[in-house]
Amino acid sequence: MSEAHRHPNQPDVEDSPVTTYQVMARALEDLLIEKGVLTPDALRRQIEDADVRGPANGARLIARAWTDEDFESRLLRSVNQTAPELGIDAGTTPITAVKNTRAVHNVIVCTLCSCYPTMLLGSPPDWYKSGAYRSRVVRAPRAVLAEFGTEIGADVEVRVHDSSADLRYLVIPMRPEGTDGLDEEALAGLVTRDCMIGTALPIT
Amino acid sequence: MSARFALGETVRVRAAYPPGHVRTPFYVRGRTGIVDAVAGTYRNPEELAYGRGGELALPLYRVRFSGVELWADGAERATDSVVVDILEHWLEPAQGGIG
């Protein structure tokens, strides 16, 4: 094989330099354990809990909202107080549901960092945390949505919600046409993570 | 602490640029919007970030800005909007509506 055709090796995780923040996080973890504030076991459980969270909980809430108007009203008033009706823990950080209509399409972002309703959607996708998404979606939301394959009509207002530190948002997408015969579980299957962020529409 | 601004009121974000852990994005500073919701009271993250108490809870507002107010001719569509969570100490009354 000639020199020109050599492929670079994929770097191993320890090949990149350790950053200040990684060192600080590690030092903090060691201190909390040494001082008995946390145990390694408690930390492991937290990480495992975070790993199993995914968008399925959010999708169940949306499917119930599509089939039960009163539930939807309660969800719009308080996601945190209403989610336990389905056995879902939405945590203590207040989550506000924003409902898509024929007049308004909602999209969520955190321009300052990466605030996200992790209790209902799991860990955010990498693009949600990228500088490109965070800076562009407030300025040119239609161009960003188009890159996701999502076209919003000219007669619909695109409303972008920029979370700060204290509130999180969950988009309630519009129920797709022609889904009258579907039960709640089948409806939940149409609700993707991205349509609860607002960058996509439910599966049709 | 009772909220100084009401739902539907026109407010302006202070055009201030203090250093530190500030939770008001640059792109709305000096801009005028409408109070979309009065969203409860929260301890000030600009204090909490430095280990100070921030005991005085501040009202938090969801303020809606039009695309044209934020980006002028650069807005994709004048009627699209951005809603931003802003603590009360960043807001002042706006005279003469949105300009």
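Nothing here was measured: the structure is a model prediction, and the numbers come from that model.

1. Remarks on the overall build of chain B
Piece 1. Within chain B, the secondary structure is distributed over two helices and five strands.
Piece 2. Taken over the C-alpha trace, chain B has a radius of gyration of 14 Å; the compact-globule value for 99 residues is 13 Å, and the two agree within 12%.
Piece 3. Expressed along its principal axes, the backbone C-alpha trace of chain B runs to roughly 40 × 25 × 20 Å.
Piece 4. Each of the 99 residues in chain B was classed as buried or not, and the buried ones make up 45%.
Piece 5. Long-range contacts, defined as pairs at least 24 residues apart, comprise 61% of the intrachain contacts of chain B with a sequence gap of at least 6.
Piece 6. Only carbon and sulfur atoms are counted for the fraction: they give 53% of the accessible area of chain B, which is about 4,800 Å².

2. A few points about the side chain of B:Glu88
Residue and element names in this part refer to chain B.
Piece 1. For glutamate 88, the location among the structural elements is in the loop between β4 (81-87) and β5 (91-93).
Piece 2. Arginine 4 is the oppositely charged side chain nearest to the buried, salt-bridge-free glutamate 88, at an N-O distance of 6.0 Å.
Piece 3. For glutamate 88, the side chain forms a polar contact with the main-chain nitrogen of arginine 4, separated by 2.9 Å.

3. What to know about the confidence of the model for chain B
Piece 1. Mean pLDDT for chain B: 90, with 94% of residues reaching 70 or above.
Piece 2. When mean pLDDT is taken per element in chain B, strand β1 (residues 10-13) of chain B scores highest with 97 and helix α1 (residues 45-48) of chain B scores lowest with 84.

4. Some remarks on the environment of A:Val79
Residue and element names in this part refer to chain A.
Piece 1. Tracing the backbone shows valine 79 in helix α5 (residues 79-82).
Piece 2. Sequence separation between valine 79 and methionine 196 is 117 residues; the distance between their C-alpha atoms is 13 Å.
Piece 3. When residues no more than four places from it in sequence are discounted, the contact partners of valine 79 are Leu61, Ala90, Ile95, Thr96, Ala97 and Leu120.

5. Overview of the domain arrangement of chain A
It is common to report an interface's size as the accessible area lost on association of the parts.
Piece 1. The domain architecture assigned to chain A consists of domain 1 (13-51) and domain 2 (54-197).
Piece 2. Here the C-alpha centroids of domain 1 of chain A and domain 2 of chain A sit 31 Å apart.

6. Here we look at the pairing of β1(B)
Residues and elements named next belong to chain B.
Piece 1. Residues Val11 and Val13 of β1 are buried on one face, while the alternating residues Thr10 and Arg12, pointing to the opposite face, are not.
Piece 2. For β1 and strand β2 (residues 32-43), the ladder comprises three bridges, and the chain directions are antiparallel. Residue valine 11 lies in a different strand from β2, and its bridge partner there is glycine 33.
Piece 3. The pairing of β1 with β5 spans three bridges and is classified as antiparallel. Its bridge partner lying in β5, valine 13 is registered against leucine 91.

7. Notes on the interface of chain A and chain B
Piece 1. The interface of chain A with chain B comprises 27 residues on the first partner and 22 residues on the second.
Piece 2. Contact with chain B buries surface across chain A, with A:Leu112, A:Arg139 and A:Asp166 losing the most and accounting together for 25% of the total.
Piece 3. At the boundary of chain A with chain B, the tally comes to one salt bridge.
Piece 4. The salt bridge partner of B:Asp80 is A:Arg142, with a shortest N-O separation of 2.7 Å.
Piece 5. Those elements that place two or more of their residues in the side of chain A that touches chain B are β1 (95-99), α8 (131-139), α9 (141-147) and β3 (157-162) of chain A.
Piece 6. Top element by residues in the side of chain A that touches chain B is β3(A). It accounts for six residues.
Piece 7. Within the side of chain A that touches chain B, the residues separate by chemical class into 16 nonpolar, five polar and six charged.
Piece 8. Pairing geometry for β3(A) and β4(B), over four bridges, is parallel. Residue pairing across strands places A:Val160 opposite B:Val82, the latter belonging to β4(B).

8. Considering the pattern of salt bridges
Residues and elements named next belong to chain A.
Piece 1. Overall, the coordinates contain 15 salt bridges over all chains when judged by the stated rule.
Piece 2. The partner of arginine 45 in a salt bridge is aspartate 41, and the shortest N-O contact between them spans 3.0 Å. Here aspartate 41 and arginine 45 lie together in helix α2 (residues 40-52), a separation of four residues that amounts to about one turn.
Piece 3. Look at arginine 45 and you get partly exposed, because its relative accessible area is 44%.

How each quantity is defined
Residues numbered from 1 in each chain as written. Chains lettered and ligands numbered in written order. Predicted model: local features only at pLDDT ≥ 70, side-chain atom pairs only at ≥ 80, totals over all residues. Heavy atoms only, no water. Helix = DSSP H or I, 4+ residues; strand = E, 2+ residues; numbered from the N terminus. Rg over C-alpha atoms; globule rule 2.2 N^0.38 Å. Buried < 20%, exposed > 50% of the residue type's maximum accessible area, 1.4 Å probe, protein only. Contact = heavy atoms within 4.5 Å. Areas by Shrake-Rupley, 256 points an atom, 1.4 Å probe, with all protein chains shown as cover. Lys, Arg positive; Asp, Glu negative; His and termini not counted. Salt bridge = Lys/Arg side-chain N within 4 Å of Asp/Glu carboxyl O. Polar contact = N/O pair within 3.5 Å; in protein donor to acceptor, adjacent residues only side chain to side chain. pLDDT = per-residue confidence, 0-100. Domains from an automatic or database assignment. Pairing = 2+ DSSP bridges. Buried area = accessible area lost by both parts, 1.4 Å probe. Nonpolar A, V, L, I, M, F, W, Y, C, P; charged D, E, K, R; others polar.

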